[in-house]
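Breakdown of the fold
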Amino acid sequence: MDEAIVGIDLGTTNSEVAFIINGNAEILKDNDNGILPSCVGVNNEGKIIVGAEARNQAVIAPERTVLSVKRLMGTDRKIRMGDADYLPQEISAFILKELKLRAEKVLGKAVSKAVITVPAYFTDAQRHATREAGQIAGLNVVRIINEPTAAALAYESTRSETQRILIYDLGGGTFDVSIVKIEQGVVEVLSSTGDNHLGGDDFDKKIADMLAEHCEKELKISVSDKPVIMARLKRAAENAKMALSAEPYAKIEEDHIGKRTWKDVHLSYEFSRVAFEKMIEDDLERTMDSVNKALKDASLLPSAIDKIILVGGSTRIPRISEMLEEKFGQLPHSEIDPDLCVALGAAIQAGREMGCDSTSILLDITPYTFGTSAIGELDGLPCMTRFVPLIRRNTKLPASRTEAFYTLYENQEMVEIKVCQGENPDALDNIRIGKYKFSLTPKSPEGSVILLNFDLDLNGILKIEATEKSSGRKINAVIENAFSGFTEQEMSVSKRRIDEMWGDRGGFEGDEEVSEDNDTADTEGMPPDLAEIIEKAELQLKSAPAEDRDEMINLIEDIRDAVKEGMLEEAGELKKELEDILYYLG
Ligand code: AMP
């Protein structure tokens, strides 16, 4: 086994890294319990801090600390931390760097590859952002796997009999429920659903809001406009919530939370488990609706479930086990620590990637339908934005499907290809994840055929190819452009910036150049004229107008693909197109 591949659970609240040691998955610890709070901050001296140190400063310096960044993954929201702005990928990269460093310390060698888990319900954009975070951190993400799949592996990877397992995963920020079939180490996800915005953080916020109301109404001090006090209340709320998992009552005591007529005011509040359960009843009901949906999608009755596994810190809330027991007539399992189970499963998968267990395969499904928008009918009426699914929800991955579409009129100059994700019949109600323009051959007749292919890989990353049938001309796109993901150049700028901020903290840097094996290959081994034009184009990407930029990225990709497949003549043609754009851009 030459190169270490670690398994990482990059959680909303906590993150862990694990590795196969002497045939067993183990959490890698650094004088702690192996749980790294997913918090990043800048300390007084302007140094980046990660983990418990950052979480502790969140109360006194919220403006210099970032929590729960996982919730923003896949968006291009700028996050202010200290006096600089960061993208969610960059903040996550600091967490991954800390985990990488920890792994290198424990294993005593360079670690540049990882399997990272994501909620099964993560969108394409969120998966991409996770991959990019890995790259910025100096980790080649060899595989992204769904968290419930990892949990099932942790419990069942060695059992031989067929088991149908329901995984109920409620963490800090997300809820997932999946049903998997596991048979001799092969995991097949039968259904998966959930909520990207439901978790322990929401419960903390509800308790903190209740405390704030108590402060304002009963204690007559204003707190909601004071971020530091609100951060303290949130922390107190979380502690109370956790205490209530073991005790029927929790006492919330916070000294000096304000002044009234020059006198210090202290908060002292008794909160009961019954009151807490009532407060979150609707949220827990919502999770049970998802459980029913998962059963329906898998066409299974509750009695067909052999085992229920609890994952995520919030499943320690006793009411959750009760509700599941009422529904399934069996007690859920939580013997593998719900906080560590996913990282352990990721390590098992990483072990498989290293060749430790070559007989096992991992089957996964897409939790979303991907399709495009076309003119059609909806409820008997013409609809300009009818959603046409290409890859349906719960299809086994990898999946590829091609559909034919037709031009509307003679001499049509271009078609616009919209890529959407969702389940609604009107594409406008689904999430639009990409839009591409395809110029047609001049003087095309009406009804010319455009073949549209969607290819969804094992990591849930979508590649799109449109082909004009008559000429065979193609455009390709990888969906990362759709949410303004990083260009190669932006990636190296970001990586350099994050590396500089990180400074020298030991570990083994730079043993291997991290590269995405498909869409960001370099120009090595290319004919020099093609390499030169690609490098030139990449330098201009950042300043190019958005539309030209997309076209340039597509052409660069196409040239690379053509070279890979030995189609040098076609690559030459594409080079001319790229040259035209560069000439026009000056
Ligand atoms: P995870 O995202 O899986 O790391 O889960 C973190 C969430 O679990 C946070 O919201 C924690 O507050 C919550 N949590 C951890 N321990 C407990 C507990 N004993 N009772 C209730 N919630 C908990």
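Structure first, text after, so check above.
Residues numbered from 1 in each chain as written. Predicted model: local features only at pLDDT ≥ 70, side-chain atom pairs only at ≥ 80, totals over all residues. Heavy atoms only, no water.

Taken as a whole, this structure holds 6 aromatic pairs when the rule is applied. Centroid distance Phe-94 to Trp-502: 6.3 Å. Interplanar angle 25 degrees. Geometry classified as stacked. Placement of the pair is Phe-94 in helix 2 (residues 88–107) and Trp-502 in helix 11 (residues 488–502), with a sequence separation of 408 residues. Overall, the relative accessible area of 0% leaves Phe-94 in the buried class. You can call Trp-502 buried: its relative accessible area is 7%. Here the aromatic cluster, defined as three or more aromatic residues joined through ring pairs, consists of Phe-203, Tyr-269, Phe-271 and Phe-276. Lys-70 extends its terminal NZ or CZ atom over the ring of Phe-122, reaching a point 5.9 Å from the ring centre. The positively charged end of Arg-497 is found above the aromatic ring belonging to Tyr-86, 4.5 Å away from the centroid. (Phe/Tyr/Trp six-rings, centres within 6.5 Å; stacked < 30°, edge-to-face > 60°. Helix = DSSP H or I, 4+ residues; strand = E, 2+ residues; numbered from the N terminus. Buried < 20%, exposed > 50% of the residue type's maximum accessible area, 1.4 Å probe, protein only. Lys NZ or Arg CZ within 6 Å of the ring centre and 35° of its normal.)

Moving on, we come to the packing of helix 12 (residues 528–541) against helix 14 (residues 568–585). For the pair helix 12 and helix 14, the least separation of the axes is 10 Å and the interaxial angle reads 35 degrees. In this structure, helix 12 crosses over helix 14, and the sense of that crossing is left-handed. Along its contact with helix 12, which presents Asp-529, Leu-530, Ile-533, Lys-536, Ala-537 and Gln-540, the element helix 14 presents Ala-571, Lys-575, Leu-578, Glu-579, Leu-582 and Leu-585. In terms of residue class, the contact of helix 12 with helix 14 is made up of 7 nonpolar, 1 polar and 4 charged. (Axes fitted to C-alpha atoms, helices over the stretch in contact; angles between N-to-C directions. Left-handed = near helix turned anticlockwise from the far one by under 90°. Contact = heavy atoms within 4.5 Å. Nonpolar A, V, L, I, M, F, W, Y, C, P; charged D, E, K, R; others polar.)

Moving on, we get to empty space enclosed by the protein. In the structure shown here, the tally under the stated rule is 5 cavities of 30 Å³ or more. Considering only enclosed or pocket space, the second largest cavity measures out at about 90 Å³ in volume. Around the second largest cavity, the lining comprises 17 residues; the ones closest to its centre are Arg-127, Thr-366, Pro-367, Leu-397 and Gly-460. Counting residues per element, the ones that place at least two in the lining of the second largest cavity are helix 3 (124–136), strand 11 (140–146) and strand 18 (362–365). For the lining of the second largest cavity, the element with the most residues is strand 11, which contributes 3 residues. A per-class count over the lining of the second largest cavity returns 10 nonpolar, 4 polar and 3 charged. (1 Å grid on protein atoms, 1.4 Å probe; cavity = no way out; pocket = protein on both sides within 12 Å on 5 of 7 lines; lining within 4 Å. Points joined across faces, edges and corners; volume = space filled by probe spheres on them.)

Below, the discussion takes up the pattern of salt bridges. For the structure on display, the rule yields 33 salt bridges. Taking the shortest distance from any N to any O, the salt bridge between Arg-71 and Asp-201 comes out at 3.9 Å. Of this pair, Arg-71 sits in the loop between strand 7 (65–66) and strand 8 (79–81) while Asp-201 sits in helix 5 (residues 200–217); the two residues are 130 residues apart in sequence, bridging distant segments of the chain. Under the relative-accessibility criterion, Arg-71 is labelled partly exposed at 23%. For Arg-143, the salt bridge identified is with Glu-353, shortest N-O distance 3.4 Å. Separated by 210 residues along the polypeptide, Arg-143 in strand 11 and Glu-353 in helix 10 (residues 341–353) bring together distant segments of the chain. By relative accessible area, Glu-353 is classed as partly exposed at 32%. When salt bridges with common partners are traced through the structure, they connect Asp-195, Lys-206, Asp-283 and Arg-286 into a single cluster. (Salt bridge = Lys/Arg side-chain N within 4 Å of Asp/Glu carboxyl O.)

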